[in-house]
Amino acid sequence: MEQHEISVIVNGQKLRRRVSARQHLIDFLRNELSLTGSHLGCEHGVCGACTIQVNGTAVRGCLMLAVQADGAKVETIEGLSDSGAIADLQEAFHQYNALQCGFCTPGMLATAAELVELHPHADREEIRAHISGNYCRCTGYHAIVDAIAFVLETRRNKGGAA
Amino acid sequence: MSSAPPVSFFDRPNSYIGRTVPRPNVKKLLQGRGTYVDDITLPRMLHVVFVRSPHAHAKIVSIDRAAAQEMPGVIAVVTGPELAKVITPWVGVLTHMKGLKSAPQHAIAIDRACWQGEAVAAVVAETRAEAEDAAEMVVVEWEELPAVVDMEAALDAGTPVIHPDLGDNLAFRRELVTGDVDGAFAAADHVFEEIFHTGRHTGVCLEPRAVLADYQPAEGKLVAYQATQAPHMIQNLLAKHLNLTESDVRVVCKDVGGSFGIKVHIYPDEMATAALSVLLKRPVKFIADRLESFVTDIHARDHRIKGRIAVKNDGEILAFEIDDRTGIGPYSVYPRTSAVEANQVVNLVGGPYKHKAYRAATEVVFQNKNVTCQYRAVGHPIACAVTEGLVDLAARKLGIDPAEIRRRNLIPDDAYPYTGLAGLPYESLSHHASLEKLLKLMDYDGLRTEQAELRKRGIYRGIGLASFIEVTNPSAAFYGVGGARISSQDGCTIRLDPTGTIICATGVTEQGQGTEAMIAQIAATAVGVTMERVRVITGDTDATPYGGGTWASRGAGIGGEAALQAGKALRQNILTVAAAMLQAAPESLDIRNGTVVDTDTGVERLPLEEIGRVVYFRPDALPKGLQPEFVVTRHYVQKDYPFVFTNGIQGSYLEVDTETGFVTLLKHWCVEDCGTIINPQLVDEQIRGGVVQGLGGALYEQCIYDDRGQLVNGSMIDYLVPMAGEMPDIVVGHVVSPTASSELGAKGAGEAGTAGAPGAVMNAINDALQPLNVSLAAQPFTPESILMALGRVSAKVG
Ligand code: FES
Ligand code: FES
């Protein structure tokens, strides 16, 4: 199997690794780096369970190769948690019970994090549209929409006060 | 004693019963630090990938694995006959399902594959990628056999018999007649009939099925890390079929990414994984990929039901009659069987109503498709859609408002106890209170006005109602009496540690419902401590009392009651010791917020950590004859009824675009009665999640097979599931009628949402299309099927 060397910053840490050409980024993160917080629900780009951030954008880790991450900054749920970047989303998900089994949650949070950055004024319908690439079988989505709407509102109020 | 004890245990000072408390165990999941099976790596661990049949029915002529064995990383390529040396086959029958038959099923097919997706060889390698590469090199020579695909033709004389030893393709038949059915139909002013179809669909847990089996040859022990709802059931079956001592098998179930009934069965590939670990003496991991999930996770709800309703001019329902047929694949699934769903349909049709006559027949047939079995709300969504579809049909034809016909026919709220026509007793239901509450929540009259206004403008909106009953808290009558070692009782072991922490080990399991939070709330209440002091252990056969696990909405009702009784007993034991230490009467003391207090005055006397310190490290300071018992186990089984029934009603408001056939769900309501509510938020979220699964079946989800038995939409791209954009907000309301069969009074809420949603949506669509004289009865209600009903397109595309 053809091998390539990549340099990548994962959760703030600079890494240099040899990876096989065909290895998906998600498998690299899960299997080589033991960052098992990102999940695999379909491995064909539909469910969103593998959503991570690459250079600040939410992407599907199962559709990207590890070699394509060469030179990139990758943030997984572990990094987003430790930096505190999504602490308010996590807290709101907790309070609204916006997760049941939690399997979709890391991907859902990565998508939600992008939404609250890009669309601070999103309404319920826009929230629903934005997270429509992330499948959740447990919650029925209502509580997830509640949690994200709450964070948007809180952030807006804070911004206004500042 | 001056002050009377609280009226109910739940009125105690720090009661958590009825309180929304955020789940203590989900912080790790929010940080991606849970432990799902695929997150576990063991030293020397191998990965298995299965070679699966591409045919619905075919003889295995030969398997050539020479090339596969040469591939990098490959440890073994194993066929059915080889694996059969370490694992015995099984037959999915229960003795109380009279006449139910099935054929022996092997972990890996021996000489024939009976559905597309059946495993015929296992490839074990150092990595999953290597196993997948090698699996492609296994060459199987097939001889295709005629496939039985159409369930309607399964019993026809010209149709091949899938298992010749069984004589025919009939797995199970049940008939039920109650009351004077013919008389009722003869006396009716009208008889209305409809043929209903419920689409075959599947659970699509976001985490695929997963097991990591670790056989430890020195001790003859097997540890199975498995995503399952029923660890003790799995323990029993692994031991039985691998010929191990049951206590040498440990099933560990950490975080599970959704289950919904999908993960409560034995799957051949999971059993094969355990057998491979025994054979190879190394840990072996199997994670189903999504494509194989679609062809191997149990399917469900593949029913055709001819239904009839006999009514008077005033809408009085005299009788229901159904003729049901379902195709279950080539085997009855082990050990719960594939006849339960049809049996439930027979038990539940007409359930909410007070008619006096009922006839039902069901035929469960074999076919060469993937197996079907119990998926969330087993049989309920089918029975509810048929019943409520017939009631609305009658209402439409008679010009009676759907709410009014229900008012006239639902069993009165003061009629309980009441025995349903299938012979099952209902302890106390609240159909009318639920209906009235729903109508108010919906602003039913307001919606009707809006609907009429919009109709004038060519906008077709519909309102649908669906009442339902739901089976919860099953007794041993469900499985135990049929010979399956699936426990209907559950236990809770609770202990006080030296620091004043309460540790509860429970036999019920967590797959996201909030089981651990619910148990912690009950234990905290029963002992008298804050939630922060409670730890809950689930999902480990070595560490928890023997129990059934989580299914049939039994977690709160059964597991919760055991926790309540265990907590109360521990509290009593703590008070006995505290009384000795304080030289007071135990009855004069209580535990509140982790401190022993005087019951009357609330004055704090002794913190639990001080009692813990003395009991564990200075027992010499205690009176001689006093032996503290700070570990207590209590069990509970529901024995008063075969099942405890709950009830509820759902409402759907939607718009049908008659140009495109698209259905837009505008809003959905559910009022349900699960008895005592332990955590309102968790109940509401169970309902909402359940509703959306029901909506999926009603509108999108279907496993589509072609006439050669090939699943044509077995990927997440082609098999549609509800996504956030299409789903409505869901309003949940409650009526509370606790069951007297337990002190806790909880009935269960996990399946109510799924039970009623499809019926409500069907009725709403038909309500919307009523002015066009069109009605539909075949789920899923796709744009294509709606356009066909409207006559806008003529034949199925493709
Ligand atoms: S696993 Fe990547 S989108 Fe499903
Ligand atoms: S919480 Fe289970 S899939 Fe979303």
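On a predicted model such as this, the values are computed, not experimentally measured, just so you know.

A separate point is the overall build of chain A. A tally of regular secondary structure across chain A gives six helices and five strands. Written out in order from the N terminus, the α and β elements of chain A read β-β-α-β-β-β-α-α-α-α-α. Taken over the C-alpha trace, chain A has a radius of gyration of 16 Å; the compact-globule value for 162 residues is 15 Å, and the two agree within 12%. When each of the 162 residues of chain A is scored for burial, the buried share is 56%. Within chain A, contacts between residues at least 6 apart in sequence are counted, and of these 54% link residues at least 24 apart. About 6,500 Å² of surface is accessible on chain A, with carbon and sulfur atoms providing 48% of the total. When the 14 positive and 18 negative side-chain charges of chain A are each reduced to one mean point, those points stand 3 Å apart.

What follows is about the overall build of chain B. Per the secondary structure count, chain B includes 19 helices and 30 strands. The globule rule puts the C-alpha radius of gyration for 798 residues at 28 Å, and the 28 Å found for chain B is close to it. In chain B, which comprises 798 residues, the share counted as buried stands at 66%. A sequence separation of at least 24 residues applies to 79% of the contacts in chain B between residues at least 6 apart. Taken as a whole, chain B presents about 26,700 Å² of accessible surface, with 51% of it coming from carbon and sulfur.

Using the criterion set out here, one finds 15 aromatic pairs over all chains in the structure. Relative to F150 of chain A, the ring of Y96 of chain A has its centre 5.7 Å away and its plane inclined at 55 degrees; by these criteria the two rings are tilted. With Y96 of chain A in the loop between α3 (87-95) and α4 (105-118) and F150 of chain A in helix α6 (residues 142-161), this pair connects stretches of sequence that are 54 residues apart. Owing to a relative accessible area of 40%, F150 of chain A belongs among the partly exposed residues under this scheme. When the ring of F50 of chain B is compared with that of F286 of chain B, the centres are 5.2 Å apart and the planes differ by 80 degrees; the resulting orientation is edge-to-face. Taken together, the positions of F50 of chain B in strand β1 (residues 46-52) and F286 of chain B in strand β13 (residues 284-287) put the pair 236 residues apart, joining distant regions of the chain. Each member of the pair, F50 of chain B together with F286 of chain B, is buried.

Calculation criteria
Residues numbered from 1 in each chain as written. Chains lettered and ligands numbered in written order. Predicted model: local features only at pLDDT ≥ 70, side-chain atom pairs only at ≥ 80, totals over all residues. Heavy atoms only, no water. Helix = DSSP H or I, 4+ residues; strand = E, 2+ residues; numbered from the N terminus. Rg over C-alpha atoms; globule rule 2.2 N^0.38 Å. Buried < 20%, exposed > 50% of the residue type's maximum accessible area, 1.4 Å probe, protein only. Contact = heavy atoms within 4.5 Å. Areas by Shrake-Rupley, 256 points an atom, 1.4 Å probe, with all protein chains shown as cover. Lys, Arg positive; Asp, Glu negative; His and termini not counted. Charge placed at Lys NZ, Arg CZ, Asp CG, Glu CD. Phe/Tyr/Trp six-rings, centres within 6.5 Å; stacked < 30°, edge-to-face > 60°.

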